Amino acid sequence: MTAQNIKPRWKHAPPGSHWGEFGPDDRLGRMNLVTPAKVRQGMAEVREGLTFCLSLPLDVPGGMALNARRLPPRLYGTLRDGASQGVQGFCWSYATEDPNLTDVVCDEVMLMNTQYSTQWDSLAHIGSRFDADGDGEAEAVFYNGFRAGTDLHPGTTDPEAPQDWARYPDPDAGALGVANLAVHGAQGRGVLIDLDKHIGRQRVAVGYEQLMRILEADRIEVEEGDMVCLHTGFADTLLAMRKQPDVKYLHETGSGLNGSDERLLKWITDTRMACLMADNPAVELVARPSLTRSTPLRGPRLPLHEHCLFKNGIHLGELWWLTPLAHWLRNAGRSRFLLTAPPLRLPGAAGSPVTPIATV
């Protein structure tokens, strides 16, 4: 079935959205703008052949103090089968079964949240309750009108689960899962905006006016299809804590975007950037609930997430480790590089750990 023959899933699209921009069945959003030409632009930025790993170790932040919903990775030795049934398969010697064999093997299992450390948010990560049908009733929908319960499915309930984390097995992000990004190939021209250089590591919600001044000062242009990275220094501060995060200090550290600034959100849309990443936990600074407002305003807790993921199909990356790259680019008078950042091709997942590589 061609895109022209696919019936849209919505009668009304959210204000400020671009549902249907790449067809009614699109699952990639603005990553469609990372074309072969954009990949070549990224490759043209490689002059030195130097590479920078943009991932934190996947066991950072450390513990669950920074986010009580997300488990750090834990490794378990696998079990052997056959003649060595039930024996640990880590540092296991084949000689235990055949003295003529010299092989020694290590094999493990990993348990972790897909969004514990350096990560991609897929377009399934954040949706909204919105009246897409125009019938006066809000339903849980995601980018391009994909529906919770129809196109994305929560896990089933296992009342006999041995651990809390195992109570809801097999959730399925379906149509908008992160595997779509993996298949497309997350590689193109990266552009780094160095907020830390101009603001330091104080907690500042950066709005449109301040961001424009920084772009002008550093002579940075964001063009269609660019993969934009924001350096705040947060991940570098976190890494220095050696898996013992000081949550109070971290909550007072590092800038982020002001997701409530409508001019900033419009700029993100109008530049036609492909995706937006930061070295902080959410790209935007999460506003604390007001203690003085008597009547709460109806709306998203994470307005930039809603704007990017739900309305415009702009993938987000969080807790990327950008400081060494930012310092090198700063000294070289550059802001662009080749970015290669494929997520895991994990069907059903709404997010993925990632080990991005910048090449300059």
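With that out of the way, let us pick up the overall build of the chain. Across its full length, the chain carries nine helices and 17 strands. What you see for the chain is a C-alpha radius of gyration of 22 Å, in line with the 21 Å of a compact globule of 360 residues. Burial analysis of the chain (360 residues in total) assigns 46% to the buried set. Sequence separation of at least 24 residues holds for 74% of the intrachain contacts in the chain that already meet a minimum separation of 6. Roughly 18200 Å² of accessible area belongs to the chain as shown, and the carbon and sulfur atoms make up 51% of that amount.

Counting 43 residues, the largest nonpolar core has I193, L257, W267, I268, L276 and L304 as the members making the most contacts within it. Among the elements of the structure, strand 9 (187-194), helix 3 (195-199), helix 4 (208-217), strand 11 (227-231), helix 7 (262-270), strand 13 (275-278) and helix 8 (303-311) are those that each provide at least two residues to this core. With residues near it in sequence (within four places) discarded, L257 still touches V206, L230, L264, I268, L276, V283, E284, L285 and L304.

Once that is clear, we can look at the pairing of strand 15 (residues 336-340). Within strand 15, four of the five residues are buried, which leaves it mostly tucked inside the rest of the structure. As paired elements, strand 9 and strand 15 share five bridges and run antiparallel to each other. Bridge pairing links R189 to L338 in strand 15. Taken together, the three bridges between strand 15 and strand 17 (residues 357-359) define a ladder with antiparallel strand orientation. Bridging from a neighbouring strand, T340 pairs with I357 of strand 17.

Another aspect to go through is helix 9 (residues 323-332). Within helix 9, the full set of buried residues consists of T323, L325, A326 and L329. Down the axis of helix 9, the smallest arc covering the buried residues is 160°, so these residues share one side.

This part is about the environment of E262. Mapped onto the elements of the fold, E262 is located in helix 7. Relative accessible area serves as the criterion here: at 59%, E262 is assigned to the exposed category. In sequence terms E262 and P303 are 41 residues apart; their C-alpha atoms lie 9.7 Å from each other.

For the structure on display, the rule yields zero disulfides. Free cysteine C229: the closest other cysteine sulfur is in C275, separated by 7.3 Å. Free of any disulfide, C308 has its nearest neighbouring cysteine sulfur in C275, separated by 10 Å.

Attention shifts here to the side chain of E45. Note on placement: E45 falls in the loop between helix 1 (36-44) and strand 1 (51-53). The class of E45 is buried, set by a relative accessible area of 11%. Once residues within four sequence positions are removed from consideration, E45 is found in contact with R189, R334, R336, F337, L338 and V360.

Geometrically, a pair of aromatic rings is defined through the distance of the ring centres and the angle of the planes. Throughout the structure, instances matching the rule amount to seven aromatic pairs. Residues W92 and Y94 carry aromatic rings whose centres are separated by 4.7 Å and whose planes lie at 70° to one another, so their mutual orientation is edge-to-face. Taking the relative accessible area as the measure of exposure, Y94 reaches 27% and is therefore partly exposed. Considering the side-chain rings of W120 and W320, the 5.4 Å spacing of their centres and the 85° angle between planes classify their relative orientation as edge-to-face.

Now for the pattern of salt bridges. Throughout the structure, instances matching the rule amount to 21 salt bridges. In this structure, the salt-bridge partner of D59 is K243, at a minimum N-O distance of 2.9 Å. In this pair, D59 is assigned in the loop between strand 1 and strand 2 (74-77) and K243 in the loop between helix 5 (234-239) and helix 6 (247-250), connecting sequence segments 184 residues apart. Since its relative accessible area comes to 39%, K243 is described here as partly exposed. When the shortest N-O distance is used, the salt bridge between R336 and E223 registers 3.5 Å. Taken together, the positions of R336 in strand 15 and E223 in the loop between helix 4 and strand 11 put the pair 113 residues apart, joining distant regions of the chain. Through salt bridges with shared partners, one network takes in K38, R189, E223, D226 and R336.

Looking now at the sheet that holds strand 6 (residues 119-121). Strand order in the open sheet made by the nine strands is 1-17-15-9-11-13-14-6-16, with mixed pairing throughout. Two strands in the sheet have a free side with no partner beyond their single neighbour: strand 1 and strand 16 (351-353). Across this sheet, the average inter-strand angle for adjacent strands is 25°, counted without regard to direction. Inspection of the sheet shows strand 6 paired to strand 16 by three bridges, in the antiparallel sense. Looking across to strand 16, one finds that W120 is bridged to S352.

Cut-off values and rules
- All residue numbers here refer to positions counted from 1 along the written sequence of the relevant chain.
- Under the rules for a predicted model, residues below a pLDDT of 70 receive no local features and side-chain atom pairs below 80 are neither given nor counted, while totals for whole chains, interfaces and linings still include all residues.
- Side-chain metrics in this entry use all non-hydrogen atoms of the structure; hydrogen atoms and water are not considered.
- Each helix is a run of H or I in the DSSP string that is no shorter than four residues. Each strand is a run of E no shorter than two, and both are numbered from the N terminus.
- Only C-alpha atoms enter the radius of gyration, while the globule expectation follows 2.2 Å times N to the 0.38, with N the number of residues.
- Burial classification: accessible surface area is computed with a 1.4 Å probe over protein chains only, and a residue below 20% of its type maximum counts as buried, one above 50% as exposed, and the rest as partly exposed.
- By the convention used here, residues are in contact when the closest approach between their heavy atoms is within 4.5 Å.
- Areas reported as accessible are Shrake-Rupley estimates using a 1.4 Å probe. Residue values count occlusion only from the protein chains shown.
- For this analysis, a nonpolar core means a set of buried residues of the types Ala, Val, Leu, Ile, Met, Phe, Trp, Tyr and Cys, connected via side-chain atoms within 4.5 Å.
- Strand pairing follows a simple DSSP-based rule, namely that at least 2 bridges must link the two strands.
- Think of the arc as the fan of directions from the helix axis to the C-beta atoms.
- The disulfide criterion is simple: two cysteine sulfur atoms within 2.5 Å.
- Note on aromatic contacts: the rings of Phe and Tyr and the six-membered ring of Trp form a pair at centre separations within 6.5 Å, being stacked when their planes are under 30 degrees apart, edge-to-face when over 60 apart, and tilted otherwise.
- Salt bridges, as used here, are contacts in which a Lys or Arg side-chain nitrogen is within 4 Å of a carboxyl oxygen on Asp or Glu.
- Comment: axis = line fitted to C-alpha atoms, over the contacting stretch for helices; angle = value between 0 and 180 degrees taken between N-to-C directions.

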